[in-house]
Amino acid sequence: MNTFYKMLIKKFKSHMGESRYNWLYSVHHFSFAEYYDSNNLGIGPLRVINDDIIAPHTGFETHPHKNMEILTYILKGVITHKDSINNESKKVAKGSVQYMSAGSGVSHSEFNEEDESAEIAQIWIIPNKMDYEPNYGQVDFKWEDRVNKFLLIASGEKEAPIKINQNINIFALYLEKDKKIKFSPEKGFGYYIAFFEGETEIDRLFGKRYEAIIGDEEIEIKSLENSHMLIFEIKKNN
C-alpha cells in the first residue's frame, strides 16, 4: 500500500465497496467495477454513486458512455474535463457540478491536473429515453446556497439549473455543526442520502458516521460536526 492509499483509507470508517489503484481510491455505494452484490445494484434508475479521490496529475483516460446521465459533484479540488463533443479543458472546482447526457454516445476524460488530490462524487442515472443527442454543461453554484439549506442542483421535472432525463431530484446540503434540518420527500417519492463529510444524527439514531441512509418518511438531520451530503429524491415507480 503506497502513501496515497494510507492517506485516503483514514477517511472512511465504513463503506459498501471499493476500488484501489495507484492513482485512485473509490468507494462505491452500489455495485461497480470489482465490487458486485446482486442485492445492491442501485435504487430504481439511480445506478452509481462513487466517492472518488484522485491523486495529483492523474485521472480517467478517454473512455466512452452511452445512454446514461452522468453528474460529477466536486467535493474538493479541481478537475479538467474533455470530451468528443467539442468541450476542451473545462475546469470544474469545489461545489460546482458538471453533467453529461451521454445519449447516443460520447467519449470523455476527467483529470486532476493540480498538485493536490481531488475528490468527486460521481453519479450515474439510467435515463427515461434512449439515443438522444449528447449534451454537456457545468454549473458553478454559490457555496453559501447549500449551507444549512437544500440546494436543488438537478431534476427531471422541477425547475433546476441542471435538467436530467429522469424523474429524480438531487439536492446538496452542507450542514454546519449543531444545526438541524428536516427533509420531507414528495408524495410518491423516496430518498437516498449519501454522506461525504462529517458526522450526523438522524432522529433517534445517535452518534454514527453515516455513509448513506434510505427511506420515504420525513427525517430530521442534526450535524454533530460540519457535514456535507447529497439527497436523491426518487419516484417510487421508476
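Note that the structure is a prediction, hence the values are computed from the model and not measured. (Residues numbered from 1 in each chain as written. Predicted model: local features only at pLDDT ≥ 70, side-chain atom pairs only at ≥ 80, totals over all residues. Heavy atoms only, no water.)

(A) Highlighting the environment of Gly17. Turning to its location among the elements, Gly17 is positioned in strand β1 (residues 17-20). Sequence separation between Gly17 and Tyr35 is 18 residues; the distance between their C-alpha atoms is 5.5 Å. When residues no more than four places from it in sequence are discounted, the contact partners of Gly17 are Ser26, Val27, His28 and Tyr35. (Helix = DSSP H or I, 4+ residues; strand = E, 2+ residues; numbered from the N terminus. Contact = heavy atoms within 4.5 Å.)

(B) Molecular detail of the pairing of strand β10 (residues 118-125). With respect to burial, β10 is a largely interior element, eight of its eight residues being buried. The alternating pattern of β10 places Ala118, Ile120, Gln122 and Trp124 on one face and Glu119, Ala121, Ile123 and Ile125 on the opposite face, and all of these are buried. In this sheet, β10 lies alongside strand β3 (residues 46-54) in antiparallel orientation, the contact comprising eight bridges. The residue of β10 that forms the bridge with Asp51 is Ala121. Pairing geometry for strand β5 (residues 69-76) and β10, over seven bridges, is antiparallel. Bridged to Leu71 within β10 is Ile123. (Buried < 20%, exposed > 50% of the residue type's maximum accessible area, 1.4 Å probe, protein only. Pairing = 2+ DSSP bridges.)

Geometric descriptors of this kind do not, in isolation, establish any biological role.
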